Amino acid sequence: MNDSPARRPDLLAAGAATVTVVLWASAFVSIRSAGEEYSPGALALGRLLVGALVLGVICLLRREGLPPRAAWPGIAISGLLWFGFYSVVLNWGEQQVDAGTAALVVNIGPILMALLAARVLGDPMPPRLLAGMAVSFAGAVTVGLSMSGGGGSSVLGVVLCLLAAVGYAGGAVAQKPALGHASALQVTTFGCLVGAVLCLPFSGQLIGEVADASLSATLNMVYLGVFSLALAFTTWAYALARTTAGRMGATTYAVPALVVLMSWVALGEVPGPVTLAGGVVCLAGVAVSRSRAARVVAATPQPEQTRESA
């Protein structure tokens, strides 16, 4: 019982990571639906504008203010690479390849994130993390191959998904030092604004497509902005500030398994035995990579401590 107060931050971070993973998994279903009526750039801009509006209102209510100057390099890089670039190329890539191939290629992102974080930030690479990532990646490969439709892929689509993975990894790693100077809400809000500014050239497409799109497609775009962006990216930043980038990236390997279950429930797509087995392997790898978390978290400075020393 005496350990409960000490473990509370770890439990909150784990809860935030779980919210992120569930909402990001649901985003695949919404993107798939909205992408039938919205072009990649218009969908990205609409999602970012909705997210920026929600986050901006929350920032005003909480009187968060502008982030400190030291946080801006990380915010700008994450906004350009992750909120902006990643959103557009992933939407485009998923129109060129089947869902299984897209999931397989994008799941290179957590591996790139861990390697980049170790190189740039000096994050530790404990054996359990490496083993868990290897297990989860094997599961993601199994899910991807089992869901891939014959002849549904293209070289362009694979390249776009690979670029999305690179943008995801680079943007996530750039967030980590920014979270040492600003709150999770500030980093997410202003990163989203940077991404929205980058996507402003798609304004004309968005205006034209909103007029012709069905209500369900537009509601999916709003859902993507409110939940899988505004909420999920904030909970991601909160958890990232309290652990390493590599371990957070490994956690996202639960996404393919959840996508399979959500597609089963929402779209009636019954997964085969191989797909289900791959999903179980993904979750097993996440469990391995997140075991003995306290040792890694304890070695990571908390954002409040870093801001006070800055």
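Residues numbered from 1 in each chain as written. Predicted model: local features only at pLDDT ≥ 70, side-chain atom pairs only at ≥ 80, totals over all residues. Heavy atoms only, no water.

The next point concerns the overall build of the protein chain. When helices and strands are tallied, the protein chain shows 15 helices and zero strands. Considering the protein chain as a whole, with its 310 residues, one finds that 50% of them fall into the buried category. Partitioning the intrachain contacts of the protein chain with sequence separation of at least 6 by distance along the chain shows that 92% fall at a separation of at least 24. Of the accessible surface of the protein chain, which amounts to about 13,700 Å², a share of 70% is contributed by carbon and sulfur atoms. (Helix = DSSP H or I, 4+ residues; strand = E, 2+ residues; numbered from the N terminus. Buried < 20%, exposed > 50% of the residue type's maximum accessible area, 1.4 Å probe, protein only. Contact = heavy atoms within 4.5 Å. Areas by Shrake-Rupley, 256 points an atom, 1.4 Å probe, with all protein chains shown as cover.)

This paragraph deals with the packing of helix α5 (residues 109-120) against helix α7 (residues 155-178). It is the contact of α5 with α7, at a shortest axis distance of 8 Å, that shows an interaxial angle of 40 degrees. When the interaxial angle is binned, α5 and α7 end up oblique. Seen along the crossing, α5 lies across α7 with a hand that is right-handed. Along its contact with α5, which presents Gly-109, Pro-110, Leu-112, Met-113, Leu-116 and Ala-117, the element α7 presents Ala-165, Val-166, Tyr-168, Ala-169, Gly-170, Ala-172 and Val-173. (Axes fitted to C-alpha atoms, helices over the stretch in contact; angles between N-to-C directions. Parallel < 35°, antiparallel > 145°, perpendicular 65-115°, else oblique. Left-handed = near helix turned anticlockwise from the far one by under 90°.)

Counting residues in each nonpolar core, the largest one holds 76 residues, and the members touching the most others are Tyr-38, Trp-82, Met-113 and Trp-236. Among the elements that line this core, the one with the most residues is helix α10 (residues 215-240), at 11 residues. Tyr-38 has contacts with Leu-43, Gln-95, Leu-206, Glu-209, Val-210, Ala-213, Ala-217, Thr-218 and Met-221, leaving out every residue within four places of it along the chain. (Core = buried A, V, L, I, M, F, W, Y, C linked by side-chain atoms within 4.5 Å.)

Considering all chains together, one arrives at 11 aromatic pairs under this definition. Ring geometry for Phe-83 and Phe-233: centres 4.7 Å apart, planes at 40 degrees, overall tilted. Placement of Phe-83 in helix α3 (residues 72-93) and of Phe-233 in helix α10 is noted, with a sequence separation of 150 residues between them. Among the residues examined, Phe-233 registers a relative accessible area of 6% and is labelled buried. Every member of this aromatic cluster is reached through a ring pair, and the members are Trp-24, Trp-82, Phe-83, Tyr-86, Tyr-168, Phe-233 and Trp-236. (Phe/Tyr/Trp six-rings, centres within 6.5 Å; stacked < 30°, edge-to-face > 60°.)

So, about helix α8 (residues 184-198). The end-to-end C-alpha distance of α8 is 21 Å, a good match for the 21 Å that 15 residues give at a rise of 1.5 Å each. Among the 15 residues in α8, 12 count as buried, and that is most of the element. For α8, the set of buried residues is Ala-184, Leu-185, Gln-186, Val-187, Thr-188, Thr-189, Phe-190, Gly-191, Cys-192, Val-194, Gly-195 and Ala-196. Buried residues along α8 sit in contact with α2 (40-62), α3, α7 and α10. (Expected span 1.5 Å × (residues − 1).)

With 26 residues, α10 should reach 38 Å at 1.5 Å per residue; the first-to-last C-alpha distance of 35 Å fits that figure. Of all the bends in α10, the largest measures some 30 degrees and sits at Leu-224. (Bend = angle between axes of the 7 residues up to and from the residue.)

Take a nonpolar patch on the surface next. A cluster of nonpolar side chains, contributed by Ile-77, Leu-80, Leu-81, Phe-85, Val-155, Val-159, Leu-163 and Leu-198, occupies part of the molecular surface with about 640 Å² of accessible area. Looking at the nonpolar patch, the elements with two or more residues in it are α3 and α7. It is α3 that contributes the most residues to the nonpolar patch, four residues altogether. By the element assignment, Leu-81 lies in helix α3. (Patch = residues over 30% accessible without salt bridge, like charges linked within 9 Å, V, L, I, M, F, W, Y side chains within 5 Å. Salt bridge = Lys/Arg side-chain N within 4 Å of Asp/Glu carboxyl O.)

Time to look at the confidence of the model for the protein chain. With 81% of its residues at a pLDDT of 70 or more, the protein chain shows a mean pLDDT of 81. Counting contacts from residues 293-310, a segment whose pLDDT is below 50, to residues more than four positions away or on other chains yields 28 contacts. (pLDDT = per-residue confidence, 0-100.)

Throughout the structure, instances matching the rule amount to one salt bridge. Glu-64 is paired through a salt bridge with Arg-62; the nearest N and O atoms lie 3.2 Å apart. The exposed category is assigned to Arg-62, whose relative accessible area is 57%.

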